[in-house]
Amino acid sequence: MTNETGAASSDKNEILKKYTRQPYPALVKPAPNAEPDETDENEDGRYRALVQHMEKRGNAPRFRIIDRRGHIYGCGYAYLLGWFYTPPETLSIQTTTHVFTLTGKGLEKIEQSLLREKVKELREFHPGQDQEPEPGQPIITNLTISSPFDKSAE
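Residues numbered from 1 in each chain as written. Predicted model: local features only at pLDDT ≥ 70, side-chain atom pairs only at ≥ 80, totals over all residues. Heavy atoms only, no water.

J.: Account for the environment of Ala49, naming residues and giving values.
T.: Tracing the sequence through the fold places Ala49 in the loop between helix H1 (2–19) and strand E1 (50–52). As for Ala49 and Glu121, which are separated by 72 residues in sequence, their C-alpha atoms are 7.8 Å apart. When sequence neighbours within four positions are dropped, the list of residues in contact with Ala49 reads Glu121, Leu122, Arg123, Pro138, Ile139 and Ile140. (Helix = DSSP H or I, 4+ residues; strand = E, 2+ residues; numbered from the N terminus. Contact = heavy atoms within 4.5 Å.)

Okay, here's the thing in structure tokens:
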């Protein structure tokens, strides 16, 4: 009888091994990221109309638009309704709350970055404060911002 029980026990162990999953390894907290946020920013202090994310960020990526006075308008890509590009010098960006009309040069790079959700920041050029951008880089010479919420009640 011991042989039969031993054989039954052996068969049971083989079946358990065959159909039982291996235990998951213990969860390990990832090491903190000591690296700064990876962006396409230059270090020489020159004006940049476009700062890009080097990789897609999170589930709700956002971007911001900064006018020459330093006012910052933030927007999530989820609230970006669309844009209208009139080559070579006008790009209108429509969000749920604002319409940003950019005028300048090299705006096709900004349009392509919007398409890929790579825009982190758009900045209007301020002639008195900013250094000229590198040749071939986009430049936003004028930024017009309108919102239906800014209209006074009539």
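J.: Which residues make up the nonpolar core, and what values do they have?
T.: One finds Leu91, Ile93, Leu102, Ile110, Leu114, Leu122 and Ile140 to be the most contacted residues of the largest nonpolar core, which totals 22 residues. Every element with two or more residues in this core is listed here: strand E2 (62–66), strand E4 (80–86), strand E5 (90–95), strand E6 (99–105), helix H2 (107–115), strand E7 (119–123) and strand E8 (139–146). (Core = buried A, V, L, I, M, F, W, Y, C linked by side-chain atoms within 4.5 Å. Buried < 20%, exposed > 50% of the residue type's maximum accessible area, 1.4 Å probe, protein only.)

J.: Which residues make up the pattern of salt bridges, and what are the values?
T.: Evaluation of the coordinates by the stated rule reveals four salt bridges. Here Arg69 ties to Asp67 by a salt bridge, and the two come within 3.1 Å at their closest N and O atoms. Residue classification places Arg69 among the exposed positions, given a relative accessible area of 61%. Arg123 is paired through a salt bridge with Glu121; the nearest N and O atoms lie 3.1 Å apart. Taking relative accessible area as the criterion, Arg123 reaches 29% and is therefore assigned partly exposed. One connected set of salt bridges, linked through shared partners, spans Arg64, Glu121 and Arg123. (Salt bridge = Lys/Arg side-chain N within 4 Å of Asp/Glu carboxyl O.)

J.: Account for the side chain of Glu111, with residues named and values stated.
T.: Within the element layout of this structure, Glu111 appears in helix H2. No salt bridge is formed by the buried Glu111; its nearest oppositely charged neighbour, Arg116, is found at 7.9 Å. Polar side-chain contacts of Glu111 include one of 3.0 Å to the side chain of Gln112. If we skip the residues at most four places from it in the chain, Glu111 touches Trp83, Tyr85 and Leu91. (Lys, Arg positive; Asp, Glu negative; His and termini not counted. Polar contact = N/O pair within 3.5 Å; in protein donor to acceptor, adjacent residues only side chain to side chain.)

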